[in-house]
Amino acid sequence: MPPSLTGERLTGIAFVVVAARDHPLASVKGSIAKSELTKHVQLVLTDRTSLSEGVSSASCLLKHGDWPISLPKHAFLLNGLGWGGMPLHTVERDISEGRLAELSIEDVTPGSLIMPMSAVYPTSAPPGPAGRWLIERFKRCSNQIPANLQF
């Protein structure tokens, strides 16, 4: 982070790895080997702005055979165009209703994928009372994450 910015960790968002119910990976029984994943397209959401130039995606499990996209990844996944990680709250209903299947990946403990969320602001202009209130509320959300998954 540039020295002109200050960041405060807030909470984490649970992630799951999913594919459409009719995707070949959805039919694999048990844990899927990473060597098997490389045979299939991984959809990776990318930021096309100058803010992310030279930064690789931390959420990318594999770098071989991925498709960087900036369109609605959720729709691509639902249509069977690949597999990828998604925030649990955005795909929970699709999983429970059978449109998406949660994939079990070797060396990835179920429930262990957490994306940290931070508040970032110019150091020279910290948040005022309303901003501080919002930041503190988000920090309280971190109490909902099990202790063994804290980041």
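Rules used throughout
- Residues numbered from 1 in each chain as written.
- Predicted model: local features only at pLDDT ≥ 70, side-chain atom pairs only at ≥ 80, totals over all residues.
- Heavy atoms only, no water.
- Helix = DSSP H or I, 4+ residues; strand = E, 2+ residues; numbered from the N terminus.
- Buried < 20%, exposed > 50% of the residue type's maximum accessible area, 1.4 Å probe, protein only.
- Contact = heavy atoms within 4.5 Å.
- Salt bridge = Lys/Arg side-chain N within 4 Å of Asp/Glu carboxyl O.
- pLDDT = per-residue confidence, 0-100.
- Patch = residues over 30% accessible without salt bridge, like charges linked within 9 Å, V, L, I, M, F, W, Y side chains within 5 Å.
- Areas by Shrake-Rupley, 256 points an atom, 1.4 Å probe, with all protein chains shown as cover.
- Core = buried A, V, L, I, M, F, W, Y, C linked by side-chain atoms within 4.5 Å.
- Polar contact = N/O pair within 3.5 Å; in protein donor to acceptor, adjacent residues only side chain to side chain.
- Pairing = 2+ DSSP bridges.

### With respect to the environment of Met-1
Along the polypeptide, Met-1 turns up in the segment before β1 (5-20). Under the relative-accessibility criterion, Met-1 is labelled exposed at 65%. For the pair Met-1 and Val-120, spaced 119 residues apart in the sequence, the C-alpha separation amounts to 9.2 Å. For Met-1, the contacting residues outside a window of four places in its chain are Thr-6, Gly-7 and Val-120.

### Topic: the pattern of salt bridges
On inspection of all chains with the given rule, the structure shows 7 salt bridges. Across the pair Arg-99 and Glu-97 runs a salt bridge whose closest N-O atoms are separated by 2.7 Å. For Arg-99, a relative accessible area of 31% translates into the label partly exposed. Taken together, the salt bridges that share partners define one network made up of Glu-8, Arg-132, Glu-136 and Lys-139.

### What to know about the confidence of the model for the protein
Interpreting fine coordinate detail is not advised for predicted regions of low pLDDT. Looking at the protein as a whole, its pLDDT mean stands at 82, while 77% of the residues score no less than 70. Mean pLDDT per element in the protein: strand β3 (residues 66-69) is the minimum at 54, and strand β5 (residues 100-102) is the maximum at 96. Across residues 56-60, confidence stays below pLDDT 50; counting only partners more than four residues off in sequence or on other chains, it has 6 contacts. In this model residues 146-151 is a low-confidence stretch, pLDDT under 50, and it forms 12 contacts with partners more than four residues away in sequence or in other chains.

### Some thoughts on a nonpolar patch on the surface
On the surface, a cluster of nonpolar side chains totalling about 290 Å² of accessible area is made up of Met-1, Leu-5 and Val-120. Relative to the helices and strands, Leu-5 resides in strand β1. By relative accessible area, which is 32% here, Leu-5 ends up partly exposed.

### Details of the environment of Ala-26
Its location among the elements puts Ala-26 in the loop between β1 and α1 (34-37). It is 7.6 Å that separates the C-alpha atoms of Ala-26 and Glu-102, two residues lying 76 residues apart in sequence. Here Ala-26 is in contact with Ala-20, Arg-21, Ala-101 and Leu-103, once residues within four sequence places are set aside.

### So, the nonpolar core
If you look at the biggest cluster of nonpolar residues, it comprises 8 residues: Val-17, Ala-19, Leu-25, Ile-32, Leu-37, Trp-83, Leu-103 and Ile-105. Filtering out sequence-adjacent residues up to four positions away, Leu-25 remains in contact with Ile-32, Glu-36, Leu-37, His-40, Trp-83 and Leu-103. Core analysis: the second largest hydrophobic core is formed by 7 residues, Val-18, Leu-43, Met-86 and Leu-100 among them.

### Some details on the side chain of His-23
Considering the arrangement of structural elements, one finds His-23 in the loop between β1 and α1. Reaching out from His-23, the side chain makes a polar contact with the backbone nitrogen of Leu-25 at a distance of 3.0 Å. Beyond its immediate chain neighbours, meaning those up to four positions away, His-23 contacts His-40, Gly-80 and Gly-82.

### Topic: the pairing of strand β4 (residues 83-87)
Counted residue by residue, β4 has 5 buried out of 5 residues, so it is predominantly covered. On β4, burial covers both faces: Trp-83, Gly-85 and Pro-87 on one face and Gly-84 and Met-86 on the other are all buried. Where β1 lies against β4, 5 bridges are found, and the strand directions are antiparallel. Directly across from Val-16, in β4, lies its bridge partner Met-86.

### Concerning unusual backbone geometry
Even without being a glycine, Asp-107 presents a positive backbone phi close to 65°. Mapped onto the elements, Asp-107 comes out in the loop between β5 and β6 (114-122). Asp-107 gets classed as exposed once you look at its relative accessible area, which sits at 69%.

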